[in-house]
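# Analysis of the macromolecular model
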Amino acid sequence: MNALCTVFKRELAAYFATPLAYVFIVIFLALTGALTFFLGNFFERGQADLSPFFLFHPWLYLLLVPAISMRMWSEERKSGTIELLLTLPLTPAQAVIAKFLAAWCFAGIALALTFPFWITVNYLGKPDNGVIFASYIGSFFMAGSYLAIGACFSALTKNQVIAFVLSAVVCLLFTVSGTSLVLNFFTGWASPGVVEAISSLSFTANFEAISKGVLDVVSIVFFGSVMALFLFANVLLVNLYKAR
Amino acid sequence: MIAIEGLSKTFGPIKAVDKVSFEVARGEVLGFLGPNGAGKSTTMKMLTGFLPADEGRASVCGFDIATQPIAAKRKLGYMPEGAPAYSDMTPQSFLSFIADMRGFSGAEKKSRVARAADMTNLRHVLEQPIETLSRGYKRRVGLAQALLHDPEVLVLDEPTDGLDPNQKHEVRQLIQEMAPQKAIVISTHILEEVEAICSRALIIAHGRVVADGTPAVLQARSPRHGGVVIKCSLSAANELAPLLRRVAGVADVKIELSGLFVQALPDMDIFDAVRVAARQRATDIKEIRQERGRLDDVFRMLTGGASGAEILSQSAA
């Protein structure tokens, strides 16, 4: 547990040791602002809620989360520090969890820094803060799921660009799996059960379910399982590819 | 302290390590020699638990690296090939991280970091990012990291690679100072290093151990071992050669660029007899000395770089 904490602290500090953290946070905040106010018509809608703000989170994460996760393992493999890390007294699973938690915590910091939106909407009207809180929780869990996918693909290659592209594509599949674009492809021939299963894998749909305000347990469990599954695969991939 | 038994590893069609076995006791410094790609690093990676072995077992201080990896890794200090370190950290923060990982805290952590930095002469670069350090300093950071918890077993993969002669000397001195309390394995392809600091050398080729012994015993396997080198003019060499061939214990006499090489029969000390015989006739002998055999030659012979005959026909350096 102690080793896990130490790696977690080092990883989190590593984000802020390079410009990466600051560039990421600034771009994330600028994009959420631009999307909320221009595409989301925050003011024109005349409603005191943050739904135009949360609406774009899946798409923002799709672009930005693989940028956080791509270096997680591929950099360790490229620079050889993976050999140092994994010969210290800690298990590969602890290393995987520590790195993931650090990245998730970093994503949480970026998300928390969007608090001016919350202040704005509370200043302008009387929003349902329960809904907003639930949406933040949902967004945080969704970010964690994207990160777990990204971490997994980062362990697959030494090349950060490949890690980025692979994770972005897989994240995209999970993002759009509830839309007609994907479902129409299956409806013709697959049984309704299969179609429903695919649509239930949608990050967007699960995120919306949580954002409705009642903390939807099924969707929280869904995101939790996605994280657990991809982190488990991550441990396997780290063990399999560490020496290559 | 270190026990390796029938360790094997295959990468696809290549057998990188093939049933390697050895033991290292406290106080020993084992030099691990071999050409590039012979399996040195792979063996070290298996010993330190980075790679799982396909076959065989490795244990550190009695802890099996496969079944009790955490206990074994606690006893072990390891510097991987190229001394990797997190390049955006400073040596100070990097060593603190390692100290945390090793379970030190508070005053003890501080003194451990300071001691490791002192031992490796890192004091004045502690606050510079590791990526801005020269190769020699990076290597010392790697060494400091391995020494920090004063481990009983130290595994160093090419500790002096890329260092200048002064730095090499410092690192060797450091290893020698620590040697009595630890079991140390170093890999290298600098053979003078083996003669300087290793109490035992192990030569590995194509994944197999081909020689294991003290540097002196290995030197004795050279076909030039025990022979006599005589430096003289060519005319004197031509005159001496038939004479020396008749001396008891002499196997052969070869005329070389700078004189003669008198090869001894196995286990024969011919130096005195040859010297007396040569001095009787020749007038312009510049030098006469006995050859111990060079580790380089034994290395090349055992690892397939040269045959015994080729080594014999080379003139002495």
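Residues numbered from 1 in each chain as written. Chains lettered and ligands numbered in written order. Predicted model: local features only at pLDDT ≥ 70, side-chain atom pairs only at ≥ 80, totals over all residues.

## Looking at the pairing of strand E3 (residues 29–33) of chain B
Residues and elements named next belong to chain B. Selection rule: Exposure in this text rests on C-beta crowding, where 20 or more other C-beta atoms within 10 Å of a residue's own make it buried, 12 or fewer make it exposed, and counts in between make it partly exposed. The C-beta atoms are placed from the backbone. Helix numbers and strand numbers start at the N terminus; a helix is a DSSP run of H or I with at least 4 residues, a strand a run of E with at least 2. If DSSP finds at least two bridges between two strands, the strands pair.
The buried count for E3 comes to 5 of 5 residues, which makes it a mostly enclosed element. Relative to strand E8 (residues 183–188), E3 runs parallel, the two sharing 5 bridges. Bridged to Leu33 within E8 is Thr188. For E3 and strand E9 (residues 200–205), the ladder comprises 4 bridges, and the chain directions are parallel. Bridging from a neighbouring strand, Phe32 pairs with Leu202 of E9.

## What to know about the environment of Val218 of chain A
Along the polypeptide, Val218 of chain A turns up in helix H14 (residues 217–241). For the pair Val218 of chain A and Asn206 of chain A, spaced 12 residues apart in the sequence, the C-alpha separation amounts to 8.4 Å.

## Here we look at the interface of chain A and chain B
The line we're drawing: By definition, residues are in contact whenever their C-beta atoms, placed on the basis of the backbone, come within 7 Å of each other.
Every contact between the two is made by 17 residues of chain A and, on the other side, 20 residues of chain B. Of all the secondary structure elements, the ones that give two or more residues to the side of chain A that touches chain B are helix H1 (2–17) and helix H6 (81–86) of chain A. Tallying contributions element by element places H1 of chain A first for the side of chain A that touches chain B, with 6 residues.

## So, the confidence of the model for chain A
Rules: As a per-residue measure, pLDDT reflects the predictor's confidence and takes values from 0 up to 100.
Model confidence for chain A is summarised by a mean pLDDT of 89, while 98% of its residues fall at 70 or above. Within chain A, helix H11 (residues 180–187) of chain A has the poorest average pLDDT of any element, 78, and helix H7 (residues 92–112) of chain A the best, 95.

## Some remarks on the confidence of the model for chain B
On average, chain B scores 87 in pLDDT, and the residues at 70 or more come to 98%. Overall fold confidence (pTM) sits at 0.88, and the ipTM for the predicted complex is 0.88.

## Re the sheet that holds strand E12 (residues 250–256) of chain B
Residues and elements named next belong to chain B. Selection criterion: Interaxial angle, 0 to 180 degrees, is taken between N-to-C directions of lines fitted to C-alpha atoms, where a helix line uses only the stretch in contact.
Reading across the sheet, the 4 strands line up as E12-E13-E11-E14 and stay open at both edges, with antiparallel pairing between neighbours. One side of each edge strand has no neighbouring strand; the edge strands of this open sheet are E12 and strand E14 (287–290). The average undirected angle you get between the axes of adjacent strands in this sheet is 15 degrees. As paired elements, E12 and strand E13 (residues 259–264) share 6 bridges and run antiparallel to each other. Each residue of the ladder has a partner; that of Val253, found in E13, is Val262. Across the face of the sheet, helix H9 (residues 234–245) comes into contact with E12 and E13 while running at roughly 175 degrees to E12.

## Points about helix H4 (residues 57–69) of chain A
Helical geometry: 3.6 residues make up each α-helical turn, so side chains three or four residues apart lie on a common side. All names here are of chain A. We apply this condition: Helix span, expected: 1.5 Å multiplied by one less than the number of residues in the helix. Bending is quantified residue by residue as the angle between axes fitted to the seven-residue window ending at that residue and the seven-residue window starting at it.
Along its 13 residues, H4 runs 17 Å from first to last C-alpha, staying within 8% of the 18 Å computed at 1.5 Å per residue. Leu63 marks where H4 bends most, by close to 35 degrees; the proline Pro66 follows one to four residues later. Those residues of H4 that fall on the buried side of the exposure criterion are His57, Pro58, Tyr61, Val65, Pro66, Ile68 and Ser69.

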